[in-house]
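Chains, contacts and geometry: an overview
Single-letter residue listing:
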Amino acid sequence: DYPIVQPSDSRLKDNLTPITNPVDKIKSLRGVEFDWNSGEQVGTHDVGLIAQDVEAVLPEAVKPAPVDSNYLTVQYEKLVPLLIEAIKGQQEIIANLQNRLEILEGK
């Protein structure tokens with residue numbers, strides 16, 4: 001099964017901490033194009049991430065495959081919080097640069 005909805009209520013969570021260095025973590029991942037060489041999708045061209053790369057950055061997003069635990073799977077939905085925090089960090093940088101530019105241009 002591929003869950004679409006997961007419990008996320010704050011009352012279910014302890015030890016909340018912000019994600020640190022989200023942009024650096026995103027930069028260490030590599031999106032790849034590839035052709036499947038096994039399973040139902042053999043010969044199909046696709047895009048994705050490499051589970052071992054993701055595991056080094058966000059181990060919570062990698063699990064053994066349900067059928068063959070020698071292979072790893074990526075829980076892509078767990079990358080969303082990382083992406084959100086990275087975008088927020090970049091937006092802060094953009095806003096600071098815009099402010100500096102306005103000062104330099106005398107606006």
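Structure: above.
First things first, this report covers the structure right here in the doc. In this convention, every chain numbers its residues from 1, walking through the sequence in written order. Under the rules for a predicted model, residues below a pLDDT of 70 receive no local features and side-chain atom pairs below 80 are neither given nor counted, while totals for whole chains, interfaces and linings still include all residues. Side-chain numbers here rest on the full set of heavy atoms in the structure, without hydrogens or water.

**A closer look at the environment of Gln-75**
Numbering of helices and strands runs from the N terminus, with a helix taken as a DSSP run of H or I at least four residues long and a strand as a DSSP run of E at least two residues long. Along the chain, the position of Gln-75 falls in the loop between strand 4 (72–74) and helix 3 (80–105). Gln-75 sits 62 residues away from Lys-13 along the chain, and the two C-alpha atoms are 19 Å apart. Every residue pair with non-hydrogen atoms within 4.5 Å of one another is taken to be in contact. Not counting chain neighbours up to four residues away, the residues in contact with Gln-75 comprise Glu-60, Ala-61 and Lys-63.

**Regarding the pattern of salt bridges**
Salt bridges are defined as contacts in which a side-chain nitrogen from Lys or Arg sits within 4 Å of a carboxyl oxygen from Asp or Glu. Considering all chains together, one arrives at three salt bridges under this definition. One salt bridge in this structure joins Arg-11 and Asp-9, with 2.6 Å as the shortest N-O distance. Think of it in three bands: with a 1.4 Å probe and only protein chains considered, a residue is buried below 20% of the maximum accessible area for its type, exposed above 50%, and partly exposed in between. The exposed category is assigned to Arg-11, whose relative accessible area is 72%. Here Glu-85 and Lys-88 are joined by a salt bridge, their closest N and O atoms 3.0 Å apart. With Glu-85 and Lys-88 both in helix 3, this residue pair falls three residues apart, about one helical turn. Taking relative accessible area as the criterion, Glu-85 reaches 26% and is therefore assigned partly exposed.

**Focus on the packing of aromatic side chains**
Two rings from Phe, Tyr or Trp (for Trp, the six-membered ring) form a pair when their centres sit within 6.5 Å of each other. Planes less than 30 degrees apart are called stacked, planes more than 60 degrees apart edge-to-face, and all others tilted. Per the counting criterion, the structure on display carries one aromatic pair. On the numbers, 5.0 Å between centres and 80 degrees between planes, the contact of Phe-34 with Trp-36 is edge-to-face. Here Phe-34 falls in the partly exposed class, since its relative accessible area comes to 22%. Among the residues examined, Trp-36 registers a relative accessible area of 33% and is labelled partly exposed.

**Considering the nonpolar core**
Residues Leu-29, Ala-51, Val-54, Val-57, Leu-58, Ala-61, Val-62, Val-74 and Leu-79 constitute the largest nonpolar core, which totals nine residues. Among the elements that make up this core, the one with the highest residue count is helix 2 (residues 51–57) (three residues). When near neighbours in sequence (up to four residues on either side) are disregarded, Val-62 contacts Ala-51, Val-54, Glu-55, Leu-72 and Thr-73. Within this scheme, the nonpolar core is defined by two criteria: the residues are buried Ala, Val, Leu, Ile, Met, Phe, Trp, Tyr or Cys, and they are joined through side-chain atoms within 4.5 Å.

**Some words on the environment of Ala-86**
Its location among the elements puts Ala-86 in helix 3. On the basis of relative accessibility, which here comes to 7%, the residue Ala-86 falls in the buried class. In this structure the C-alpha to C-alpha distance between Ala-86 and Gly-48, which are 38 residues apart in sequence, comes to 19 Å.

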